[in-house]
Amino acid sequence: MKRTRNLFEAIPDWDNLLAATARALRGKRERWDARQFVGNLEPELSALSREIHSGTFSGSGFRRFVIHDPKRRTISAPAFRDRVAHHAIMNVCEPEFERVQICHSYACRTGKGTLAALRAAQTMARHHPDGFWMKMDIRAYFDSVSHERLMKLLERRFAERELLDLYARILAGYETQAGRGLPIGSLVSQHFANFYLAHLDHEITRRMEFGDLVRYMDDFVVWHEDKAVLREAGRRIEAFVHERLDLKLKRPPLIQRVRLGMDFLGFRVYPDRLTPSAGTKRRVRNKLARIEWEFEHGFVPERLHQSRLQAVFARLLWPEVSSRHFRERLIGIMRGATVAGHEPGQPGRQLEQQRQELSLGEPQPERAGEPQQQSGVPPSPVLSKAHGW
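Residues numbered from 1 in each chain as written. Predicted model: local features only at pLDDT ≥ 70, side-chain atom pairs only at ≥ 80, totals over all residues. Heavy atoms only, no water.

Considerations on the sheet that holds strand β4 (residues 132–137)
Here's step 1: Spatial ordering of the open sheet is given by β5-β6-β4-β7, a layout of 4 strands whose pairing is antiparallel. Pairing within the sheet leaves two strands with one partner each, and these edge strands are β5 (213–216) and β7 (254–257). Taking the axes of each pair of neighbouring strands and ignoring which way they run, one obtains an average angle of 20° across the sheet.
Here's step 2: The pairing of β4 with β7 spans 4 bridges and is antiparallel. In the strand pairing of β7, F132 is matched with R257. (Pairing = 2+ DSSP bridges. Helix = DSSP H or I, 4+ residues; strand = E, 2+ residues; numbered from the N terminus. Axes fitted to C-alpha atoms, helices over the stretch in contact; angles between N-to-C directions.)

What follows is the structure in structure tokens.
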């Protein structure tokens, strides 16, 4: 494999750091550390450039919080200054990480995302209507990645010692146990995690010759007509994951007939339809009940209430998803609304109008790992006046 050179010097470049700041600000303009950074932009970028160039940048820690989406996860969000550095690195290095990926890897990639992965899974199911699928995932994946093995893989891809040392310092800034762990919530760690499992993709598709594979980070599925072939593939995959990547599967590979459907990324995938999974329906009902209770008791204003409802219904409104009857049941419990009809200003009517608009247009591509910019938030005054943004 030919190793990539001549990347490091572009990372601390002023224009690259400026572009990285603009990316890091998406959805973060109201945070105090973002405002502080932008308010002192030129000294901050100059200092960051010097630290990266001199090899002293290593990060300044993480803000940790817990989410349930659906399972409990600890998110480790880097400080805004570190976010800028991570974007600067990926502005330059992301194309090299992208070259390692197979077509059917869908996490943390431009133009991919959850909906694209579901579409691909349904296409595979249609190719094997009388066959079987085999689904696997990694136990505590982000917490289990070996720093040493990841660095060896990075050294096979990147030639510059300065860049590899930068990677090593970023890795050393976070551990769940000695020499292991990547933070969930860091842009660089998302690309590291995807890069690490890309080597499993190539093992499955090239050496094992399974073309029908879909992977979304550590959740991956293989399809075949013969159940015995999938069983043997499962043993080989489990051995590769353990011996070459020093990881463990969460459970033995699960094999089932395609026509019975498959739970994947919060949906039930059939050859002819996508429906919300039972777990997704339960979570949506619980979330909706909480949102309605908080609004009725005056804890949130009308505008925020509407945006929260839209967020709850967003994935149910994808044109590919068959969820009409479930949505009607949900709308029926919202603030005395009925399925038969709604006043124009009521949430249920607005959500159904959104559904019709989505069905008329092409879905927007997703950018995994990056939050969307908040609508209605004006550009930063410092960036606008000083740099023409």
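Don't stop here, the text continues.
A few points about the nonpolar core
Here's step 1: Membership of the largest hydrophobic core comes to 96 residues, with the highest contact counts inside it found for I11, Y141, L154, Y167, W223 and F264.
Here's step 2: In terms of nonpolar packing, the next biggest core, distinct from the first, is built from 12 residues, V284, I291, L316 and F326 among them. (Core = buried A, V, L, I, M, F, W, Y, C linked by side-chain atoms within 4.5 Å. Buried < 20%, exposed > 50% of the residue type's maximum accessible area, 1.4 Å probe, protein only.)

Section: the environment of R327
Here's step 1: Relative to the assigned elements, R327 resides in helix α13 (residues 324–332).
Here's step 2: Under the relative-accessibility criterion, R327 is labelled buried at 4%.
Here's step 3: Separated by 11 residues in sequence, R327 and L316 place their C-alpha atoms 7.6 Å apart.

Observations concerning the pairing of strand β2 (residues 72–78)
Here's step 1: Here strand β1 (residues 62–68) runs beside β2; their pairing, made up of 7 bridges, is antiparallel. Note that in β2 the partner of I67 across the bridge is R73.
Here's step 2: Counted between consecutive antiparallel strands, the loop separating β1 from β2 contains 3 residues.

Here's the deal with a positive patch on the surface
Here's step 1: A cluster of like positive charges, contributed by R282, R283, R285, K287, R290 and R329, occupies part of the molecular surface.
Here's step 2: When residues of the positive patch are assigned to their parent elements, the largest contribution, 5 residues, is made by helix α11 (residues 278–296).
Here's step 3: Within the secondary structure layout, K287 lies in helix α11.
Here's step 4: Exposure remark for K287: the relative accessible area of 40% places this residue in the partly exposed category. (Patch = residues over 30% accessible without salt bridge, like charges linked within 9 Å, V, L, I, M, F, W, Y side chains within 5 Å. Areas by Shrake-Rupley, 256 points an atom, 1.4 Å probe, with all protein chains shown as cover. Salt bridge = Lys/Arg side-chain N within 4 Å of Asp/Glu carboxyl O. Lys, Arg positive; Asp, Glu negative; His and termini not counted. Charge placed at Lys NZ, Arg CZ, Asp CG, Glu CD.)

Some details on the sheet that holds strand β8 (residues 262–264)
Here's step 1: What the 3 strands build is an open sheet, ordered β8-β9-β10; its pairing is antiparallel. Across the chains shown, the open sheet's two edge strands, defined by having one partner strand only, are β8 and β10 (274–276). Neighbour to neighbour, the strand axes of the sheet diverge by 35° on average, direction disregarded.
Here's step 2: Sheet analysis places strand β9 (residues 267–269) next to β10, joined by 3 bridges and oriented antiparallel. Paired with V269 across the two strands is L274, which belongs to β10.

Brief notes about helix α9 (residues 187–207)
Here's step 1: Under the 1.5 Å per step criterion, the end-to-end length of α9 is 30 Å for 21 residues, consistent within 8% with the ideal 30 Å.
Here's step 2: Of all 21 residues in α9, 18 are buried; the element is thus mostly enclosed.
Here's step 3: In the stretch just after α9, E209 is the one whose phi turns positive, near 60°. (Expected span 1.5 Å × (residues − 1).)

Thoughts on the pattern of salt bridges
Here's step 1: Here the structure, examined in full by the defined rule, presents 21 salt bridges.
Here's step 2: A salt bridge links R157 to E96, with the nearest nitrogen and oxygen atoms 3.8 Å apart. Placement of R157 in helix α7 (residues 147–157) and of E96 in helix α4 (residues 80–100) is noted, with a sequence separation of 61 residues between them.
Here's step 3: On the basis of relative accessibility, which here comes to 9%, the residue E96 falls in the buried class.
Here's step 4: Note that R273 is salt-bridged to D272, the shortest N-O span being 3.0 Å.
Here's step 5: We classify R273 as partly exposed; its relative accessible area is 33%.

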